[in-house]
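Spelled out, the chains give:
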Amino acid sequence: MTIAPDRPGTSTEDTPVPEGHVKLVIDGEEVIAPKGELLIRTAERLGTVIPRFCDHPLLDPAGACRQCLVEVEMGGRPMPKPQASCTMTVADGMVVKTQLTSAVADKAQQGVMELLLINHPLDCPVCDKGGECPLQNQALAHGRAESRFVDTKRTFPKPLPISSQVLLDRERCVLCQRCTRFSREIAGDPFIELLERGAHQQIGTAETADVLDLASRTTSGQPFQSYFSGNVIQICPVGALTSAAYRFRSRPFDLVSAPSVCEHCSSGCAERTDFRRGKVMRKLAGDDPEVNEEWICDKGRFAFRYATADDRIRRPLIRNADGVLEEASWTDALRAAAAGLAKARDGKGAAVLTGGRLTVEDAYAYSKFARIALGTNDIDFRARPHSAEELGFLASHVVGTTPESGVTFGEIERARTVLCVAFEPEDEAPIVFLRLRKAARKNRTRVVHLGQWTTSSVSKTFGELLACAPGGEAAAIDGIAQHAQDVDQALASEGAVILVGERAAEVPGLFSALHRLVERTGARLAWIPRRAGERGALAAGAAPTLLPGGRPVTDDAARAEIEKAWGVTLSATAGRDTTAILKAASGQDIDGLLVGGVDPDDLPDPELARRALKNVPFVVSLELRHSGVTEHADVVLPIAPAVEKAGSYLNWEGRRREFAVTLEGTGALPDCRVLDTLAVEMDADIFTQTPAAAAADLAKLPARKGSFLAEFASKGPFIARAEPGNGQVLLATWRQLIDNGSLQDGEPHLKGTQREVVAKLSAKTAEGLGKTVKVSTERGSITLPIEVADLPDGVVWLPGNSDGSAVRAALAAGHGSAVTLTGGEK
């Protein structure tokens, strides 16, 4: 809190100073500020902008650039020279004069600016930062018209690649250390550092130090590799760090900017999308203190070119008599799709499969289309491993939670203890990882990871590893009270949070064990899926046992609420989940499939999925690009990517993240519009003509009443996985953030920063295998180089969908499966 006078010249003399605050004078005005606040922040609250380069509100003070010098008096005695306001905290009785009232401070700031410009090149006409450069702006506002330095400016070879996507122009750098501090403090990736001293000091990495024959000051000895490297480009106050993908592509004043929301994970990060001539040029982090603060991961920043891929579907397609997809009009395609689905509905029935990319409005349209147009509860948004136990858990613990009633980013930051279960935050929810690291670093939060090995998420959150075999997480949770009593006590204390990932669905009994743990300890629990659309699809009722709002299909009273709102009679029979739908389609027990954005290789059994798509009589695909589904589809209806439609995501907190259309006039239609028109062709009305109409229709539904916790608690028993046989080990796996996901296509610079694809084994398990290992099942095999890690013996870890390691497609196996290990190359 900062208290300033209402009018210039008035006094706060009669205002009592609250406990923990001090009174000082800035530019002649008395002000009350909290103890420990930096002078530069107090001045900002008064509306006085002090120029700066190194200062950033989310980074620790550095005092590196000296641009923010001000005059300071303490006890009536002026300090002998101007002080950096970004490192000095307020004190009682302090008198501060900024450049507005002090000629000394103004001269000092001008002198620092003159020094910064000695070697800075005149690159403004070609520099990517030109037009949005703090150095440009402050040189004009706080610099001198002429320089006394006329010597030749220092130059370096340029650009210097920090990574495949971050390029460095060293002569532009003002050594503010924002990049090094971000990497060290926020991301926990101390790979970029200051090298050398004095006039030779420059930014670099261990790799660039070797190239330049410099003595590296880094402690890591590793090249710059980070999931968050794009943030250093954005916070660089000059054009020293640039994006390889954006470099020389446009000027800031050529761009149109629009606020947007990231479509890649369940955090729902605020972004700014910059576009020109109908094409997205770049994405930047938005400022949202409650969610992503001012950071986004590299996937959210760079992975947007999928929407302009060569295989994007622009017009509807119908499979002709020769079995070839050919372009058709919307009218013909919708009529063909409607006729085929109506025939399937009236025959053995039709089912709906949706993926995790959907907005809330699109998911609601699929849910309503399934119930009204197709007359079925056979719909499931979980295009991944799933279970009935998971759905019961989500209905009782997740549906209906909001930031007011559930766990939030802020609660994670304030938590005393956080337990991560079946959840690798850096890969699956990067912004959650940043909050965990911030909590551990700033607030000494105890972060405990129940997993298989000391991943980067464990080490960078200063965490503890509770090691268990894959598939053994349920037993480990039940054994916490006996084998990890300190953790159990911490979870039972105030401010404890449990974070569980979607991988928990692969472990029978784990959700039930978590339910028992929460009931016993009182810890708060949050479910954090990997995809952006899963929370919204759950709330919208795109699930076989749940109607919108988490109402059970089999609950007469809950179903009656929806029937009244929709004006229809709904089936009281619970639907089939994704796997059951695919088995029915494979055996020709249903006649039609409506598929929206599902990749067969993400499913538990990709071979079953392809067999189902081949055997089912009629398939309609709503898709952006050609895929494994469109290969078998009878009708393909193109839909809009996130930047070409409006809508909202429901992030893992239950926070609604709305966004408007960024690229207008493309002609692309959102799923909800396509489904609404398709329903009309089938003589049904679902009232989702636009995202706004769909959102309004969903909002009309009465609020959810009560909880279904007792129903979930009675579920079971659960079938445990088979123990590995001779020569077999257990498989641990999850998808890395940067991998071969289709939404990352078209961005080779991002691809260049993916982590090394290796198989991780304990030293004992790796004995005698050689340099590589072959992991196989009856379906296929994967061969990768070996890297020894602290996994339990008899366990192998593989990345889920990286180069040479497509676990589902190659092995039809998942987390906790038994696989065979044999040695590869010696």
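Residues numbered from 1 in each chain as written. Predicted model: local features only at pLDDT ≥ 70, side-chain atom pairs only at ≥ 80, totals over all residues. Heavy atoms only, no water.

**Student:** It is not clear to me how the overall build of the chain should be interpreted in this structure. Could you clarify?
**Tutor:** The secondary structure content of the chain amounts to 28 helices and 38 strands. Computed over the C-alpha atoms, the radius of gyration of the chain is 29 Å, within 12% of the 28 Å expected from 2.2 N^0.38 for a compact globule of 826 residues. Counting only C-alpha atoms, the chain reaches 90 × 60 × 55 Å along its principal axes. Burial analysis of the chain (826 residues in total) assigns 58% to the buried set. Considering only intrachain contacts with a sequence separation of at least 6, the fraction spanning at least 24 residues in the chain is 70%. Carbon and sulfur atoms make up 50% of the accessible area of the chain, which totals about 32700 Å². Across the chain, the 95 positively charged side chains and the 108 negatively charged ones have centroids separated by 2 Å. (Helix = DSSP H or I, 4+ residues; strand = E, 2+ residues; numbered from the N terminus. Rg over C-alpha atoms; globule rule 2.2 N^0.38 Å. Buried < 20%, exposed > 50% of the residue type's maximum accessible area, 1.4 Å probe, protein only. Contact = heavy atoms within 4.5 Å. Areas by Shrake-Rupley, 256 points an atom, 1.4 Å probe, with all protein chains shown as cover. Lys, Arg positive; Asp, Glu negative; His and termini not counted. Charge placed at Lys NZ, Arg CZ, Asp CG, Glu CD.)

**Student:** What exactly am I supposed to notice about the packing of aromatic side chains here?
**Tutor:** Each aromatic ring pair is specified by the distance between its two centres and by the angle formed by the two planes. Here the structure, examined in full by the defined rule, presents nine aromatic pairs. Pairing W734 with W797 gives two aromatic rings, centres 5.4 Å apart and planes at 55 degrees, and the pair type is tilted. Within this pair, whereas W734 is found in strand β31 (residues 728-734), its partner W797 is found in strand β35 (residues 795-799), the two being separated by 63 residues in sequence. Accessibility expressed as a relative area gives 2% for W797, which makes it buried. Among the aromatic side chains, those forming a connected cluster through ring pairs are W453, W734 and W797. The ring of Y227 is capped by R755, whose NZ or CZ atom sits 3.9 Å from the centre of that ring. (Phe/Tyr/Trp six-rings, centres within 6.5 Å; stacked < 30°, edge-to-face > 60°. Lys NZ or Arg CZ within 6 Å of the ring centre and 35° of its normal.)

**Student:** Would you take a moment to explain the environment of A365 for this structure?
**Tutor:** Along the chain, the position of A365 falls in helix α9 (residues 360-373). Filtering out sequence-adjacent residues up to four positions away, A365 remains in contact with C672, L675, I686 and T688.

**Student:** Which parts of the structure should I look at to understand the packing of helix α17 (residues 485-492) against helix α18 (residues 510-521)?
**Tutor:** For any two helices packed against each other, the geometry comes down to the angle between their axes and how far apart the axes lie. Between α17 and α18, whose axes approach to 8 Å, the crossing angle comes to 65 degrees. The angle between the axes of α17 and α18 places the two elements in the roughly perpendicular class. Crossing of α17 against α18: the hand is right-handed. Residues D488, L491 and A492 of α17 touch α18, and the partners they reach there are L517, R520 and T521. Grouping the amino acids of the contact of α17 with α18 by side-chain chemistry returns three nonpolar, one polar and two charged. (Axes fitted to C-alpha atoms, helices over the stretch in contact; angles between N-to-C directions. Parallel < 35°, antiparallel > 145°, perpendicular 65-115°, else oblique. Left-handed = near helix turned anticlockwise from the far one by under 90°. Nonpolar A, V, L, I, M, F, W, Y, C, P; charged D, E, K, R; others polar.)

**Student:** Sorry, what's going on with the confidence of the model for the chain here?
**Tutor:** Close reading of the predicted structure is inappropriate where its pLDDT is low. In this model, the chain carries an average pLDDT of 91, and 93% of its residues clear a pLDDT of 70 or more. Confidence drops under pLDDT 50 across residues 209-221; counting only partners more than four residues distant or on other chains, this segment forms 23 contacts. (pLDDT = per-residue confidence, 0-100.)

**Student:** Just to check I follow, could you spell out the pattern of salt bridges for this structure?
**Tutor:** Side-chain pairs of opposite charge can arise where the charged atoms are in close proximity. Within the structure shown, the criterion is met by 70 salt bridges. Between K460 and E426 there is a salt bridge, with its nearest N and O atoms 3.0 Å apart. With K460 in helix α14 (residues 456-460) and E426 in helix α12 (residues 425-428), this residue pair connects regions lying 34 residues apart in the sequence. Residue classification places K460 among the buried residues on the basis of a relative accessible area of 10%. Close ionic contact of D803 with K751 constitutes a salt bridge, the shortest N to O distance being 2.9 Å. Of this pair, D803 sits in the loop between β36 (801-802) and β37 (805-806) while K751 sits in helix α26 (residues 748-751); the two residues are 52 residues apart in sequence, bridging distant segments of the chain. Three or more residues joined by partner-sharing salt bridges are found here, namely D380, R382, R384, E390, E502, R530, R531, E534, D602, R735 and D739. (Salt bridge = Lys/Arg side-chain N within 4 Å of Asp/Glu carboxyl O.)

**Student:** I keep staring at the side chain of R282 and nothing clicks. Help me out?
**Tutor:** Within the secondary structure, R282 is located in strand β14 (residues 279-285). Residue R282 is classed as buried on the basis of its relative accessible area of 10%. Engagement of the side chain of R282 in a polar contact is seen with the side chain of E132, the distance being 3.0 Å. At 2.7 Å, the side chain of R282 and the side chain of D274 are in polar contact. Ignoring any residue separated from it by four or fewer positions in sequence, one finds R282 in contact with E132, Y246, P252, L255, R272, T273, D274 and F304. (Polar contact = N/O pair within 3.5 Å; in protein donor to acceptor, adjacent residues only side chain to side chain.)

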